[in-house]
Amino acid sequence: MTPVTVATTCVPLSDWHANVKTWAPTSGPGFAVTSPRRCRTLNHATGQTSHPDRVWSVAEHLDDVLSKIVPLDPIELQLLDAQGCVLVEDITVTVPLPPFDNSSMDGYAVRAADVAQATEAAPATLTVIGDVAAGSGELPEVGPGQAARIMTGAPLPPGAEAVVPVEWTDGGAGEGPAATMEAHSAAPEGAGGEVRIHRPAPAGAHIRARGSDVTQGELALRAGTLLGPSQIGLLAALGRGTVRVRPRPRVVVVSTGSELVQPGEALGPGQIHDSNSFQLTAAARAAGALAYRVGAVADDAETLRATLEDQLIRADVLVTSGGVSVGAYDVVKETLAGLSADEGKVEFRKLAMQPGKPQGFGLIGPDDIPLLALPGNPVSSYVSFELFVRPVIRALMGLPDVHRPTTTARCTAALASSPKGKRQFLRGSYDADAGTVTPVGGAGSHLIKAMAHANALIVVPEDTTEVPEGADVDVVPLG
């Protein structure tokens, strides 16, 4: 790949396809804001337009695609809207967690010395001076020979040094060990009287100390963190109502082909159900995007052009499937290859890979929306998504690692007839515990059932035509 010729500030993007490091420009003199959510380079060139007969490697194509992708601009979102987004600021603790000493059990707040000698045979008898519930403001002070009934999460009252679980007491009933406390509303007298305690509790027992989770000034979350349920919970606990993140990319998926019929509808002669748009939309959502499926578009250039123009307003990425090869009805190639300079540029390429040889990529519309044109065969389309679209989605999110990890596994069956000079991606069933991978289905790009039963891609390098049974192969788990 010929490098971008403008000075830039760069971040590394590891490329598992080529086992090398690539660099994606993120800022510099060649950049300008063209949308509130997007920053694009104004210098789109990464070298001269490729010769139509040139065959690109997988790594070359991916490098070129990622060189034109920069993360979406950060925005402030409400916490639940920020789920699945990437944090762009360090979060420092302003209030310690927990913010006060509190009880981790339902029981009695006591002085440690008053219960130090307590046993089943000789319980310590203390005077109950009141209740301390979660959220209590005014707290009774516990003096010598006294106890306060306390609930889980309630602040520790002054004078108390430990909490005795209710199961270690008679619950104020004057009988044997209690299993629970009587509800205050049903027995308010339980907050008074006496309680017998059968076991000692040292100072600090069953108390969650102030700041024992995180202390004030501590770094709670780093920029670059993907916000899941636990991270959202932590932010809420720290009192954050909003957070600054990179938004989830909006991906619009369009499938093409006059033969395609919506699932649920009856098939006519020569028709098939549209599976690609469903598969790719689901894959985009699994990758972290907000994905929108557009119904199948017939093989008509004007219809496709109008559809894409309508979708530009809500897209950060456009993905099409079908119509990118050399047939007379390959409408995607016909439509996008003829765009004017103002409309953008999409280049169609031949890649040294199987499946997925024909690929298209470019930036279209006034905001330079990335468009990835994928082959129409279901397996080709999905493999192409994994190799090219998923990294684009994760790069737009600002994630530091855009690629799935690769591992090595022992192949349980021989792989024959891999095309020389092409990188082959076969479906496989990967067993991480056994360190093995078993091929699923054949190499045909229409075998969607095999794809559905696979959980990994087996990678056969360009210079390998056969893999014997028991040989080690590179595997990309898809889970």
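Residues numbered from 1 in each chain as written. Predicted model: local features only at pLDDT ≥ 70, side-chain atom pairs only at ≥ 80, totals over all residues. Heavy atoms only, no water.

Looking only at helices and strands, the protein chain features seven helices and 31 strands. Relative to its full complement of 479 residues, the protein chain shows a buried share of 47%. Counted over contacts in the protein chain with a minimum sequence separation of 6, partners at least 24 positions apart contribute 71%. Accessible surface, the protein chain as shown: approximately 21500 Å² in total, 52% of it carbon and sulfur. (Helix = DSSP H or I, 4+ residues; strand = E, 2+ residues; numbered from the N terminus. Buried < 20%, exposed > 50% of the residue type's maximum accessible area, 1.4 Å probe, protein only. Contact = heavy atoms within 4.5 Å. Areas by Shrake-Rupley, 256 points an atom, 1.4 Å probe, with all protein chains shown as cover.)

Quick look at the pairing of strand E22 (residues 317-321) now. Taken across its five residues, E22 has five buried, putting it largely inside the fold. Burial along E22 is two-sided: the residues Val 317, Val 319 and Ser 321 and Leu 318 and Thr 320 are all buried. Both strand E18 (residues 250-256) and E22 contribute to a ladder of five bridges, which runs parallel. Counted as the bridge partner of Val 251 is Val 317 from E22. Here four bridges tie E22 to strand E26 (residues 369-374), and the two strands are oriented parallel to one another. Residue pairing across strands places Ser 321 opposite Leu 374, the latter belonging to E26. (Pairing = 2+ DSSP bridges.)

What follows covers the nonpolar core. The biggest cluster of nonpolar side chains holds 45 residues, and the ones touching the most others in it are Leu 372, Phe 385 and Ile 393. Counting only elements with at least two residues in this core, the list comes to helix H1 (58-67), E18, helix H3 (276-286), E22, strand E25 (358-364), E26, helix H6 (378-397) and strand E30 (456-460). Considering each element in turn, this core owes the most residues, twelve residues, to H6. Apart from residues lying up to four places away in sequence, Phe 385 is in contact with Leu 280, Ala 283, Ala 284, Ala 287, Leu 374, Arg 390, Pro 391 and Ile 393. Counting 21 residues, the second largest nonpolar core, distinct from the first, contains Val 294, Ala 301, Leu 336 and Ile 364. (Core = buried A, V, L, I, M, F, W, Y, C linked by side-chain atoms within 4.5 Å.)

Okay, the sheet that holds strand E10 (residues 107-110) next. To summarise the sheet geometry, strands pair through backbone hydrogen bonds and adopt either a parallel or an antiparallel arrangement. Spatial ordering of the open sheet is given by E13-E10-E12-E11-E14, a layout of five strands whose pairing is mixed. The strands lining the two open edges of the sheet, one partner per strand, are strand E13 (162-165) and strand E14 (194-197). Across this sheet, the average inter-strand angle for adjacent strands is 40°, counted without regard to direction. Of the pairings in the sheet, the one linking strand E11 (residues 124-132) to E14 comprises four bridges and is antiparallel in character. Its bridge partner being in E14, Thr 125 is matched across the sheet by Arg 196. (Axes fitted to C-alpha atoms, helices over the stretch in contact; angles between N-to-C directions.)

Read across the open sheet, the three strands follow the order E6-E17-E7; overall the sheet is antiparallel. At either margin of the open sheet sits one strand with a lone partner, and together these are strand E6 (75-78) and strand E7 (86-87).

A few words now on the environment of Leu 219. Tracing the chain through its elements places Leu 219 in strand E16 (residues 219-221). The partly exposed category is assigned to Leu 219, whose relative accessible area is 31%. Between the C-alpha atom of Leu 219 and that of Ile 91, which follows or precedes it by 128 residues, the distance is 6.1 Å. When near neighbours in sequence (up to four residues on either side) are disregarded, Leu 219 contacts Asp 90, Ile 91 and Thr 92.

With that settled, the discussion passes to the pairing of E11. On a regular strand, each side chain points to the face opposite its neighbour's, so the side chains alternate between the two faces of the sheet. Strand direction decides the pairing type here: E11 and strand E12 (residues 146-150), joined by four bridges, are parallel. Paired with Val 128 across the bridge in E12 is Ala 147.

Moving on, we come to the packing of aromatic side chains. Evaluated as defined, the whole model comprises zero aromatic pairs. In this structure, Arg 54 packs its charged tip against the face of Trp 56, placed 3.7 Å from the ring centre. Lying over the aromatic face of Trp 168, Arg 199 brings its terminal NZ or CZ to 4.0 Å of the ring centre. (Phe/Tyr/Trp six-rings, centres within 6.5 Å; stacked < 30°, edge-to-face > 60°. Lys NZ or Arg CZ within 6 Å of the ring centre and 35° of its normal.)

Turning to H6, a few remarks are in order. Taking 1.5 Å per residue, 20 residues should reach 28 Å; H6 reaches 26 Å between its end C-alpha atoms and fits that length. By the largest-angle criterion, Phe 385 marks the main kink of H6, which is about 45°. The buried count for H6 comes to 20 of 20 residues, which makes it a mostly enclosed element. Remark: Gly 398 follows H6 within two positions and exhibits a positive phi of approximately 85°. (Expected span 1.5 Å × (residues − 1). Bend = angle between axes of the 7 residues up to and from the residue.)

The next point concerns the packing of H3 against H6. With their axes 10 Å apart at the nearest point, H3 and H6 run at an angle of 30° to one another. Viewed along their axes, H3 and H6 adopt a mutual orientation that is roughly parallel. As for the relative orientation of H3 and H6, their crossing is right-handed in sense. In this structure, H3 uses Asn 276, Gln 279, Leu 280, Ala 283 and Ala 284 to contact H6, whose residues at the interface are Pro 378, Ser 381, Tyr 382, Phe 385 and Ile 393. Along the lines of polarity and charge, the residues of the contact of H3 with H6 split into seven nonpolar, three polar and no charged. (Parallel < 35°, antiparallel > 145°, perpendicular 65-115°, else oblique. Left-handed = near helix turned anticlockwise from the far one by under 90°. Nonpolar A, V, L, I, M, F, W, Y, C, P; charged D, E, K, R; others polar.)

In the predicted model, the protein chain carries a mean pLDDT of 85, and 85% of its residues have values of at least 70. When mean pLDDT is taken per element in the protein chain, E6 scores highest with 98 and strand E2 (residues 20-27) scores lowest with 31. Within the model, pLDDT remains below 50 along residues 1-48, and this stretch shows 121 contacts once partners closer than five positions in the same chain are excluded. (pLDDT = per-residue confidence, 0-100.)

Trans peptide bonds make up the majority, and among non-glycine residues the majority have a negative phi. Omega for the peptide link from Leu 97 to Pro 98 comes to -15°, which places this bond in the cis form. Tracing the backbone shows Pro 98 in the loop between strand E8 (91-92) and strand E9 (102-103). Looking along the chain, the bond that leaves Gln 354 and enters Pro 355 is cis, with omega of -5°. Examined against the element boundaries, Pro 355 turns out to sit in the loop between strand E24 (353-354) and E25. One non-glycine residue, Ser 417, adopts positive backbone phi at about 65°. Structurally, Ser 417 can be placed in the loop between strand E27 (407-411) and strand E28 (423-431). The exposure class assigned to Ser 417 is exposed, which follows from its relative accessible area of 64%.

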